[in-house]
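Report on the structure
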Amino acid sequence: MNLPGQPPKQGARSLDPHLRRYAARTAGMTASEIRALFAVASRPEVVSLAGGMPHLAALPLESLSAEVADVVATDGLVALQYGSAQGIPELREQICDIMALEGINAHPDDVVVTVGSQMGLDMVTRIFCDPGDVVLAEGPSYVGALGSFSAYQANVVHVAMDADGLVPEALREAIRAVEQAGQRVKFLYTIPNFHNPAGVTLAVERRAEVLEICRQHGILVVEDNPYGLLGFDGVTYPALRSTDPDNVVYLGSFSKTFAAGLRVGWVLAPHAVREKLVLAAESATLCPPTFNQLVVSRYLSTHDWKGQIKIYREAYRERRDAAIEALEQHMPLGSTWNKPNGGFYVWLTVPEGIDTKAMLPRAITQRVAYASGTGFYADGLGSRQLRISYCYPTPERIREGVRRLANVIKDELELHETFGPSTPRPVSGPQTPSPDTA
Amino acid sequence: MSDHWVAVLSGGLSHEREVSLRSGRRLSAALRSAGLVVEEWDADAQLLTRLREHRPDAVVVALHGGEGENGSVQTVLEMLDVPFVGTDSRACRRAWDKPTAKAELARAGLSTPDWAVLPHATFRELGAQPVLDAMVDKLGLPLMLKPDQGGSALGAQVVREAAELPAAMVGCLAYGDTVLAERYVEGVEVAVAVVDGPDGPRALPPVEIVPESGVYDYTARYTAGLTDFHAPARLDEKAAQAVGELAVAAHRLLGLRDVSRTDAVVAPDGTVYFLEVNVSPGLTETSLLPMAVEAAGQSLGEIYAGLVERAVNR
């Protein structure tokens, strides 16, 4: 057996001559049966309810292409050049205008533009977490965040949610348990609005309490808010950052409100943290892509971006309705789900005994894909859950996908009736969708 | 150098799409380096139109699993009279169904681990536990469970304790309706590629597989470094000859054509057991056939260019 640090056996041929050189944090970076199955999800025959891909067909591509061409024509020498590590000032000002919709009063100097908010998350984890540090996160939590925490060898402790989001008492309990174990919590990572994957929103009356608990225990709050403007009832909830500027690091993104492929996001951080983030970002990417920033900035100044968000909201509401109607029509007894008021996701609990990860090959055979629940937990929970993303397929395809999924669940139930409830089969390697479906 | 132009089919809709796409890319590069003109095509709704309009000199099937190995795509190619590299549709069907291939080889007197094939319906109708008990009584433990059709070890699992069986059955049956349970034979695991040539099929040097975890599952197959390989395998002369003969016998008995890969295990008593055969062997960076080709002192492009030539002239 070859472990990292050990030479291959005499005469053996290893296909990776660098095996002994990898850092310990690469231990989980292996090929995965589950991940490979997602290759099929990209085919048109498959209804993919797996990916959180925005409905870009709603964008005004014609006018956008003219603006993009004009960026090169008029600002080409800036657009194609290196820029500031913190991001271009004009865009940072516009970002502050956007955050003002959620009650945030911010200065552009405290904004760091990032390559998607995923990079912001990576930077925040990098500057705060040493191996073994604890990060608190809702259970379930965003798969990409768990990936970042894992990459920096932080330990995730999940905090329970209910229909009103993170449960304050569960937060107190989790902090108490970590402290009693002599460990150190570095921050609470939370998605307060239209949670990925759970679809729930932190009740307004809980927000102050969550902030107060974290303050009392000296725990930083990392607020990830990519879906905040995508509420179906038109309500925009006050950001956690709006009432606690000194103890909240806010992550924002244009991926869901404009265009995911541009990879433009941002971090709003207290001044001292921002300084560290800029240096960390510089070492990672030198600067965020200037061209992409200028495209976003141009879009914000020349297009009715608030009107575009309304168009997105309507499209997602229609898709949410299609998903919920189909779930009500087709799902077998013992299945439960939430009805999100915004965002992209329904969190489905399947009848007892079914392991959604083990069920995925059957779903792929029946031409429907989803993200199984265990990928959204760092502790192995979630085998009875799965995430349905309704953001990308048309309502008609969503209805068909949910119908297929219900049949898959019914077939799987039959299997479990035959063999009885069973412990999920251990499968090594990442269990999560690849980036194009995450 | 050949100037044929070929279409490499990869992708498809099977569970092994990802692996097939990687095989297709690698094979295409190898064929181009051998001087052929290559296009890479997915096996999708445009395939027939493409075949009719473009008429490649030959098709090379690099599809894994499902339609690409069960004879379906081969049937289409035969109906359109398009020459292709690989086994014809009828023999594909025999080889693709693992129990059928095992039975055929056992009938010819070759060794293969004892097995049982059971569909889900049997467990449902007769009760799972009595059938599982009978399976363990007959085959013993540990057992290898795998879908009766399919590759890349998807859904395959070694079961060491009877208590693990129900969960393993559920995992396996997610890939298909029928399970193949096989007595697990400990020993030296080898893969032997067979390539047709002017003098008939010949075995390439056997490749010995030593997975770090002890089980050559999907992760061990496709994560570089998690498995050590010896090419040629560390077998004595007699055993090396025996595995080569087994692979050639499987190739002949099942009526395979051009190229195949037989997976086998050499038990401590020297018995060579046939496990399964693959009519469209993996060609990825971590696959076994390219290692065997290299151990034979040849290149993938050279081997497949020769097979294209055979297909064109067939």
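In what follows, the accompanying structure is described.

The rules we used
- Residues numbered from 1 in each chain as written.
- Chains lettered and ligands numbered in written order.
- Predicted model: local features only at pLDDT ≥ 70, side-chain atom pairs only at ≥ 80, totals over all residues.
- Contact = placed C-beta atoms within 7 Å.
- Helix = DSSP H or I, 4+ residues; strand = E, 2+ residues; numbered from the N terminus.
- Pairing = 2+ DSSP bridges.
- Buried ≥ 20, exposed ≤ 12 C-beta atoms within 10 Å, placed from the backbone.
- Axes fitted to C-alpha atoms, helices over the stretch in contact; angles between N-to-C directions.
- Parallel < 35°, antiparallel > 145°, perpendicular 65-115°, else oblique.
- Left-handed = near helix turned anticlockwise from the far one by under 90°.

1. Digging into the interface of chain A and chain B
Across the contact, 36 residues belong to chain A and 37 residues belong to chain B. When contributions to the side of chain A that touches chain B are tallied by element, the ones reaching two or more residues are β1 (13–14), α1 (33–41), α13 (356–365) and α14 (395–419) of chain A. Relative to strand β12 (residues 227–230) of chain B, β1 of chain A runs antiparallel, the two being bridged by two bridges. If you follow Ser 14 of chain A over to β12 of chain B, its bridge partner there is Asp 228 of chain B.

2. Observations regarding helix α2 (residues 47–54) of chain B
Counted residue by residue, α2 of chain B has zero buried out of eight residues, so it is predominantly exposed. One or two residues past the end of α2 of chain B sits Arg 55 of chain B, with phi positive at roughly 40 degrees.

3. Here we look at the sheet that holds strand β7 (residues 185–190) of chain A
All names here are of chain A. The strand order across the open sheet built from eight strands is β3-β10-β9-β8-β7-β4-β5-β6, with neighbouring strands paired in mixed fashion. Two strands in the sheet have a free side with no partner beyond their single neighbour: β3 (111–114) and β6 (165–166). Two elements, strand β4 (residues 134–139) and strand β5 (residues 155–162), share six bridges in a ladder whose sense is parallel. Residue pairing across strands places Glu 138 opposite Val 159, the latter belonging to β5. Where helix α4 (residues 116–128) meets the sheet, it contacts β3, β7, β8 (220–224), β9 (248–253) and β10 (265–268), and its direction lies at approximately 40 degrees from that of β10. In this fold helix α10 (residues 271–285) packs onto β3, β9 and β10, with an angle of close to 25 degrees to the strand it touches most, β3.

4. Looking at unusual backbone geometry
For the bond running from Gly 139 of chain A to Pro 140 of chain A, omega is 5 degrees, close enough to zero to count as cis. By secondary structure assignment, the location of Pro 140 of chain A is in the loop between β4 and α5 (143–151). For the bond running from Ala 231 of chain B to Pro 232 of chain B, omega is 5 degrees, close enough to zero to count as cis. With respect to the element layout, Pro 232 of chain B can be found in the loop between β12 and α10 (237–253). Backbone geometry at Phe 194 of chain A places phi at a positive 50 degrees, although glycine is not the residue there. By the secondary structure assignment, Phe 194 of chain A is in the loop between β7 and α7 (204–216). Its identity is not glycine, yet Leu 286 of chain A carries a phi of approximately 65 degrees, on the positive side. Position of Leu 286 of chain A relative to the elements: it lies in the loop between α10 and α11 (290–302).

5. Quick look at the environment of Pro 351 of chain A
Residue and element names in this part refer to chain A. Checked against the element boundaries, Pro 351 lands in the loop between β12 (345–349) and α13. What makes Pro 351 partly exposed here is the crowd of 17 C-beta atoms within 10 Å. Setting aside chain neighbours within four positions, we find Pro 351 in contact with Pro 332, Gly 334, Ser 335 and Leu 413.

6. Overview of the packing of α14 of chain A against helix α8 (residues 165–173) of chain B
In contact at an axis separation of 10 Å, α14 of chain A and α8 of chain B are set at 155 degrees when each is read in the N-to-C sense. Between α14 of chain A and α8 of chain B, the angle is such that the two are roughly antiparallel. α8 of chain B is crossed by α14 of chain A, and the crossing has right-handed handedness. Of the residues in α8 of chain B, those in contact with Leu 415, His 416 and Phe 419 of chain A of α14 of chain A are Pro 166, Met 169, Val 170 and Leu 173 of chain B.

Any functional reading would require information that these geometric values do not contain.
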